[in-house]
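Each chain is listed here by its residues.
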Amino acid sequence: MTEQSKSTFATVNPATGRTVAEFPQIEGKEVDVRVQAAHLAFGEWRARSVEDRAAAVGRAGELLLERKEALAQIVTEEMGKLISEARGEVDLAASILTYYAKHGPEFAAPEPLDVEEGEAYLVSEPLGVLLGVMPWNFPLYQVVRFAGPNLVLGNTVLVKHAGICAQSALALEKIFQDAGLPPGAYTNLFVGHDEVSRIIDSPLVRGASLTGSEGAGAKVAERAGGNLKPSLLELGGSDVFLVLDGENLEHTVQAAAAGRLANTGQSCVAAKRFIVLDAHYDAFLDGLKSAFGRLVPGDPADESTTLGPLSSEGAAETLVEQIEETVRQGAELVMGGKRVDRPGAYVEPTILTGVEPGMRAYAEELFGPAAVVYRVADEDEAVALANDSEYGLGGTVFCADTDRARRVAERIETGMVWINHPTSTQADLPFGGIKRSGYGRELGHLGMREFVNRKLVRVLPPGTELHGIAG
């Protein structure tokens, strides 16, 4: 994430390059006041019943839907998301809050353990104030993915949003306030990177979560580790999309295009590397070229637009630079690779082939509408290529024989694999990766297992004989 300046958070419409609004950053004592308020709110918030906390989080989900159109317009203006996709993000965010409102109390309930004598059980206790460092590509969904389960659990949250999404940040803070959370339970912070480190150092802050780049994740993890605090990282991905047969290939191609181009390709779990068995390679590549060629660039707020801008001018420049250097290194540019001839941060839909180890597009994440397509001889070669990556977030396998697809999926080194559907997300399914894609899990029941004290309570009858004590 690149701040617009050291002193402000700024909304710059990536479709026009026009600065829409600016917001001052805070630092030093102003930050300390908000951290202290979050700590004070923790005492009140955790004292409420889990049902009460869940009801407030559920109300926030209702407010998201009530304000859906306004929120979608903000997201589209700030980071260029197609308006239909922005509305879909609101729906997804609301579904997560609704899910934890419904299931959070059962996830937080004491868990009995089977013991021979007396009783034992685990209780789920909140840790305290948590810091969430959030990205720009899903400014609503990724925040509630962190905040929803932790608020139900009884933690309070500080959210450092991406600098380009300040209006989304303020809108979400207002929603949680209006939902009935006490002041300080959910706090937006317009702070810079130096303040993030200082916040993690605070003894009042008990954990940190980051969704974003590898570099930022490494810094947060190092700071949290140095303070002996838990952290969760959801970082980049270079997800594979394996095509194992030619059954219903037209549908497979449609899924591949959707998996690559959703959010203009700016998704950690977007399909980025397409690995196709030799017999079906030519037909798949032709179909993907056709699908990419039908995209129409335009104003993302216009319902007819099918290709929006990237989030910023810098993002567009970086993607084109990656493509051009990969081509200079010997890859074949099948289509695209250039800026779209119009104002704004637009990049042509791009397909690369012949990408080999040592080339930028082989190892780096391409965050935009650019796909790399590989031809392989068999399943073993497909799996070996899929696993030859420092990333391990998600993956996709398309095959009419679902048993065969399962066998291949279980060999892929990622945190998630979807079969016969592009890698996606939903409230009741755990989300997270391995390797340089991060660690920890969000969503589902595991979303309430990261920043929690799973405390053992052991009960024995009075006068129980003493046994050996181990430490």
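Residues numbered from 1 in each chain as written. Predicted model: local features only at pLDDT ≥ 70, side-chain atom pairs only at ≥ 80, totals over all residues. Heavy atoms only, no water.

### Description of the overall build of the chain
Then comes step 1: A count of helices and strands for the chain gives 14 helices and 20 strands.
Then comes step 2: Compactness check: the chain gives a C-alpha radius of gyration of 23 Å against a globular reference of 23 Å for 471 residues, within 12% of the reference.
Then comes step 3: If you line up the chain on its principal axes, its C-alpha atoms span 75 × 55 × 40 Å.
Then comes step 4: Of all 471 residues assigned to the chain, the portion counted as buried reaches 56%.
Then comes step 5: The long-range share in the chain, meaning contacts at least 24 apart out of those at least 6 apart in sequence, stands at 71%. (Helix = DSSP H or I, 4+ residues; strand = E, 2+ residues; numbered from the N terminus. Rg over C-alpha atoms; globule rule 2.2 N^0.38 Å. Buried < 20%, exposed > 50% of the residue type's maximum accessible area, 1.4 Å probe, protein only. Contact = heavy atoms within 4.5 Å.)

### Quick notes on the nonpolar core
Then comes step 1: In this structure, Leu 64, Leu 151, Phe 176, Leu 181 and Tyr 186 are the most contacted members of the largest nonpolar core, which totals 61 residues.
Then comes step 2: Elements that contribute at least two residues to this core include exactly helix H2 (50-66), helix H3 (68-79), helix H4 (83-107), helix H5 (141-153), strand S6 (156-160) and helix H6 (166-178).
Then comes step 3: No other element matches H4, which puts 11 residues into this core.
Then comes step 4: Residues Leu 277, Leu 366, Ala 382 and Cys 399 belong to the second largest nonpolar core, which totals 34 residues. (Core = buried A, V, L, I, M, F, W, Y, C linked by side-chain atoms within 4.5 Å.)

### Re the pairing of strand S1 (residues 8-13)
Then comes step 1: The buried fraction of S1 is high, at 5 of 6 residues.
Then comes step 2: The pairing of S1 with strand S2 (residues 18-24) spans 6 bridges and is classified as antiparallel. Across the sheet, residue Thr 11 finds its bridge partner in S2, namely Ala 21.
Then comes step 3: Connecting the antiparallel pair S1 and S2 is a turn made up of 4 residues, with Gly 17 showing a positive phi of about 80 degrees. (Pairing = 2+ DSSP bridges.)

### Quick look at the sheet that holds strand S4 (residues 119-126)
Then comes step 1: Strand order in this open sheet of 3 strands is S3-S4-S20, and the pairing throughout is antiparallel. The strands lining the two open edges of the sheet, one partner per strand, are strand S3 (111-113) and strand S20 (452-459). In this sheet, neighbouring strand axes are inclined to one another by 25 degrees on average, regardless of whether the strands run parallel or antiparallel.
Then comes step 2: Of the pairings in the sheet, the one linking S4 to S20 comprises 8 bridges and is antiparallel in character. By the bridge assignment for S20, Pro 126 is matched with Val 452. (Axes fitted to C-alpha atoms, helices over the stretch in contact; angles between N-to-C directions.)

### Details of the pattern of salt bridges
Then comes step 1: Summed over all chains, the structure comprises 30 salt bridges.
Then comes step 2: As a salt-bridge pair, Asp 32 and Arg 198 come within 3.1 Å of each other at their nearest N and O atoms. Linking Asp 32 in helix H1 (residues 29-47) with Arg 198 in helix H7 (residues 193-201), this pair joins segments that are 166 residues apart in sequence.
Then comes step 3: You can call Asp 32 partly exposed: its relative accessible area is 39%.
Then comes step 4: Across the pair Glu 379 and Arg 404 runs a salt bridge, and its minimum N-O distance is 2.4 Å. (Salt bridge = Lys/Arg side-chain N within 4 Å of Asp/Glu carboxyl O.)

### A word on the side chain of Gln 142
Then comes step 1: The topology assignment puts Gln 142 in helix H5.
Then comes step 2: With sequence-adjacent residues up to four places away left out, Gln 142 is seen in contact with Met 134, Pro 135, Asn 137, Thr 211 and Glu 234.

### Some words on the confidence of the model for the chain
Then comes step 1: Summing up the model confidence of the chain, the mean pLDDT is 96 and the portion of residues at 70 or higher is 98%.
Then comes step 2: Across residues 1-6, confidence stays below pLDDT 50; counting only partners more than four residues off in sequence or on other chains, it has 17 contacts. (pLDDT = per-residue confidence, 0-100.)

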